[in-house]
Amino acid sequence: MICEDTQKLIGAYVDGELDLVRSLDLEEHLRACVICARIQENHQTLRAAFAESSLYFNPPSGLQNRVRSAVRKTSKAETRPRVVLGRWVFVAASVVVVAAVSIWGIVLLRTQLSANDLLTQEIISSHVRSLMANHLTDVPSSDQHTVKPWFNGKLDFSPPVKDLAEYGFALVGGRLDYIDNHPVATLVYQRRKHFINLFIWPSTQSDERESSASRQGYNLIHWTRSGMEYWAVSDLNSGELQEFAQTIQNTETPH
């Protein structure tokens, strides 16, 4: 199987929807292909996250009573003059429309929040997986002029690579990863015994200031700058991770 065919089937494989022959062919490809194996791991992570969280929502209080009331009024209005009937139908329809708009707003908001939460969880999972699998880097090197060219031909963008050893954040190397359904560059730095994964991919959004979060004992900092999106994650304390993020942003990219 080629990567394109495999990646189309990974979702069905994770959900247990493939027959035995296709499953065996796909598993053979996953054993040989690192990129597809990581995509499959991310699918499993997302599936687990969906299983643990609920995308259901509670309707606004009183919605059921308002709809029932509107229906009763509409039914009573059937015995009244046509003009009165039309008025009550309009009122009932308005109630339903307002309720529908409210529900849609809640669904949209919660979907956006869930998407952000899932991306945060996906980044943490990739960070943890790199530590557990002892696979921090594909190109282990402290030389930025070795790490940056390694990404050539592997990504459709060139990630900025900075050597921050003089600031106390040693470059360890880089690797390919798969986040938010696309390949990304990951730079690995070290502060004492703490590793920092810096995920980078192109962004169409305008520059955004830093936002931070803490999940499962890990700190994360996110920002967008010069057409790139950055996510830094580590078990390093929030103050030092903030220092790392500021250093990345304030240091000129080498040419």
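Note that the structure is a prediction, hence the values are computed from the model and not measured.

Caption draft 1: Examining helix α7 (residues 238-250) more closely. The end-to-end C-alpha distance of α7, which contains 13 residues, comes to 18 Å, matching closely the 18 Å that a straight helix rising 1.5 Å per residue would cover. Considering only its buried residues, α7 is in contact with β3 (182-191), β4 (194-202), β5 (208-215), β6 (218-225) and β7 (228-234). Taking the backbone nitrogen of G239 as reference, a side-chain oxygen 3.1 Å away marks N237 as the first, capping residue of α7.

Caption draft 2: The packing of helix α1 (residues 3-14) against helix α2 (residues 20-32), seen in detail. Where α1 contacts α2, the axes come no closer than 10 Å and their chain directions differ by 120 degrees. Classified by the interaxial angle, the pair formed by α1 and α2 is oblique. You can see that α1 and α2 cross each other, and the crossing is left-handed. Contact residues: α1 offers C3, T6, L9, I10 and Y13, while α2 offers R22, S23, L26, E27, H29 and L30. By residue class, the composition of the contact of α1 with α2 is 6 nonpolar, 3 polar and 2 charged.

Caption draft 3: Expanded view of the packing of aromatic side chains. All chains considered together, the criterion is met by 4 aromatic pairs. Residues W150 and F151 carry aromatic rings whose centres are separated by 5.1 Å and whose planes lie at 80 degrees to one another, so their mutual orientation is edge-to-face. Neither residue differs from the other here; W150 and F151 are each classed as buried. With a centroid separation of 5.0 Å and an interplanar angle of 10 degrees, the aromatic rings of W223 and Y230 are classed as stacked.

Caption draft 4: Inspection of the confidence of the model for the protein at higher detail. Residues with a pLDDT of 70 or more make up 75% of the protein, whose mean pLDDT is 80. Note that residues 106-113 has pLDDT below 50 and, in this model, 6 contacts with residues that lie over four places away or in other chains.

Calculation notes
- Residues numbered from 1 in each chain as written.
- Predicted model: local features only at pLDDT ≥ 70, side-chain atom pairs only at ≥ 80, totals over all residues.
- Heavy atoms only, no water.
- Helix = DSSP H or I, 4+ residues; strand = E, 2+ residues; numbered from the N terminus.
- Expected span 1.5 Å × (residues − 1).
- Contact = heavy atoms within 4.5 Å.
- Polar contact = N/O pair within 3.5 Å; in protein donor to acceptor, adjacent residues only side chain to side chain.
- Axes fitted to C-alpha atoms, helices over the stretch in contact; angles between N-to-C directions.
- Parallel < 35°, antiparallel > 145°, perpendicular 65-115°, else oblique.
- Left-handed = near helix turned anticlockwise from the far one by under 90°.
- Nonpolar A, V, L, I, M, F, W, Y, C, P; charged D, E, K, R; others polar.
- Phe/Tyr/Trp six-rings, centres within 6.5 Å; stacked < 30°, edge-to-face > 60°.
- Buried < 20%, exposed > 50% of the residue type's maximum accessible area, 1.4 Å probe, protein only.
- pLDDT = per-residue confidence, 0-100.

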